[in-house]
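In case you want the letters, here they are:
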Amino acid sequence: MNGSRIAGVGHYQPAKVLTNEDLAGLVDTSDEWIRSRVGIRTRHIAGPDEPVDELASHAAAKALAAAGLAPDDIDLVLVATSTAVDRSPNMAARVAARLGVPSPAAMDVNVVCAGFTHALATADHTIRAGAATRALVIGADKMSDVADWTDRTTCVLVGDGAGAAVVEACGPGDEAGIGPVLWGSVPEMGNAVRIEGQPARFAQEGQSVYRWATTQLPPLARKACERAGLAPEELAGVVLHQANLRIIEPLAERIGAVNAVVARDVTESGNTSAASIPLAFSKLVEQGALSTGDPVLLFGFGGNLSYAGQVVRCP
């Protein structure tokens, strides 16, 4: 195979919007406190009758429509999530059932905030190996389910949503649209971001994550560009995990992507974990901020202190 490309993207967010002012009525916080520390203004919150697979299915249906494909064109479904309530059926199987995908390989990928970029690389590798021809790759999380709504340091961060991409094999002679992945982890710092316990709750060591992300990630992101054969200044877009505006802006600057549109969806959506990169990427495409063929760096990082990034061509 000559590689794979993204044929279409889509995203979905629940209708309910939770503002900083709303949060100030729940915990000791304020709009100014939240904006000055993380840059978030609003986030979307799913209701009790909106499970993760429903969020994922809405985004996937939009990606299929954007690609001009039907569910029976898909032979692989990958869902990146860390907030699935049930162990089986997995989210990928439930999404396939909701959409009517007839007989796909269906797998979940749990790498938390770096889940989508791990899943995208997995789809690319599977297609290159000839084991699939078209894949639905989805990042979906319902972080409101694992938030401690009494902890002002974490509950102000999270939101719910999903983003998706259709990945397909390139035609003969076509240039690959998904570059080589750069991925890895820092296992000794794995406890810096956690979703654990009964009931499961999200917690993190914010300052440790901030220092690691702003100092260690820039050279890794530049290496992902190098693997794609591009200099950072050639990037048209940069979509980093939408964790904190105070991480995103200096990180994009230190990468050297001086000509790129930088996704700042965290201000509207909060931290949606595995959904954050495809959600922000799909919005930039929908808004016309990126054009077909533009090189875009996607780079996820967070839970497990894992990271994964690749340069893709905009559909």
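Here's what I pulled together on the structure shown here. (Residues numbered from 1 in each chain as written. Predicted model: local features only at pLDDT ≥ 70, side-chain atom pairs only at ≥ 80, totals over all residues. Heavy atoms only, no water.)

**Concerning the pattern of salt bridges**
Any two side chains of opposite charge can pair, given that their charged atoms come close. Under the defined criterion, the tally for this structure stands at 12 salt bridges. Here Arg94 makes a salt bridge to Asp86, at a shortest N to O gap of 3.0 Å. With a closest N to O distance of 3.1 Å, Arg134 and Glu168 form a salt bridge. Of this pair, Arg134 sits in strand β6 (residues 134–142) while Glu168 sits in strand β7 (residues 160–169); the two residues are 34 residues apart in sequence, bridging distant segments of the chain. Residue class for Arg134 comes out partly exposed when judged on its relative accessible area of 27%. Residues joined in a network through salt bridges with shared partners are Arg5, Arg134 and Glu168. (Salt bridge = Lys/Arg side-chain N within 4 Å of Asp/Glu carboxyl O. Helix = DSSP H or I, 4+ residues; strand = E, 2+ residues; numbered from the N terminus. Buried < 20%, exposed > 50% of the residue type's maximum accessible area, 1.4 Å probe, protein only.)

**Overview of the pairing of strand β4 (residues 76–80)**
Most of β4 sits out of view: five of its five residues are buried. Burial along β4 is two-sided: Leu76, Leu78 and Ala80 facing one way and Val77 and Val79 facing the other are all buried. With five bridges joining them, β4 and strand β5 (residues 105–109) adopt parallel strand pairing. Bridged to Val79 within β5 is Asp108. Taken together, β4, helix α4 (residues 91–99) and β5 form a β-α-β motif whose crossover is right-handed. (Pairing = 2+ DSSP bridges. Right-handed = clockwise from strand over helix to strand, strands pointing away.)

**Digging into the nonpolar core**
Residues Leu217, Leu297, Phe299 and Phe301 are the most contacted members of the largest nonpolar core, which totals 48 residues. Per-element tally for this core: the top contributor is helix α6 (residues 206–227), with eight residues. If sequence neighbours within four positions are ignored, Leu297 has contacts with Ala221, Ala224, Cys225, Leu235, Gly237, Val238, Val239, Ile255, Gln310 and Val311. If you look at the next biggest cluster of nonpolar residues, it comprises 32 residues, including Ala123, Ala263, Leu284 and Val296. (Core = buried A, V, L, I, M, F, W, Y, C linked by side-chain atoms within 4.5 Å. Contact = heavy atoms within 4.5 Å.)

**Quick look at the packing of aromatic side chains**
One pass over the structure, following the stated rule, counts two aromatic pairs. Here Trp212 and Tyr307 contribute two aromatic rings whose centre-to-centre distance is 6.4 Å and whose plane-to-plane angle is 40°, an arrangement assigned as tilted. One end of the pair, Trp212, is in helix α6; the other, Tyr307, is in strand β14 (residues 306–313), and 95 residues separate them in sequence. A relative accessible area of 7% means that Trp212 is categorised as buried. With a relative accessible area of 12%, Tyr307 lands in the buried category. (Phe/Tyr/Trp six-rings, centres within 6.5 Å; stacked < 30°, edge-to-face > 60°.)

**Overview of the packing of helix α3 (residues 52–67) against α4**
α4 packs onto α3 with a crossing angle of 55° between their chain directions and a minimal axis gap of 9 Å. Judged by the inter-axis angle, α3 sits oblique to α4. When the axes of α3 and α4 are compared, the crossing they make is right-handed. Contact with α3, carried on its side by Val52, Asp53, Glu54, Ala56, Ser57, Ala60, Ala61 and Leu64, involves Met91, Arg94, Val95, Arg98 and Leu99 of α4 and no other residues of that element. A per-class count over the contact of α3 with α4 returns eight nonpolar, one polar and four charged. (Axes fitted to C-alpha atoms, helices over the stretch in contact; angles between N-to-C directions. Parallel < 35°, antiparallel > 145°, perpendicular 65-115°, else oblique. Left-handed = near helix turned anticlockwise from the far one by under 90°. Nonpolar A, V, L, I, M, F, W, Y, C, P; charged D, E, K, R; others polar.)

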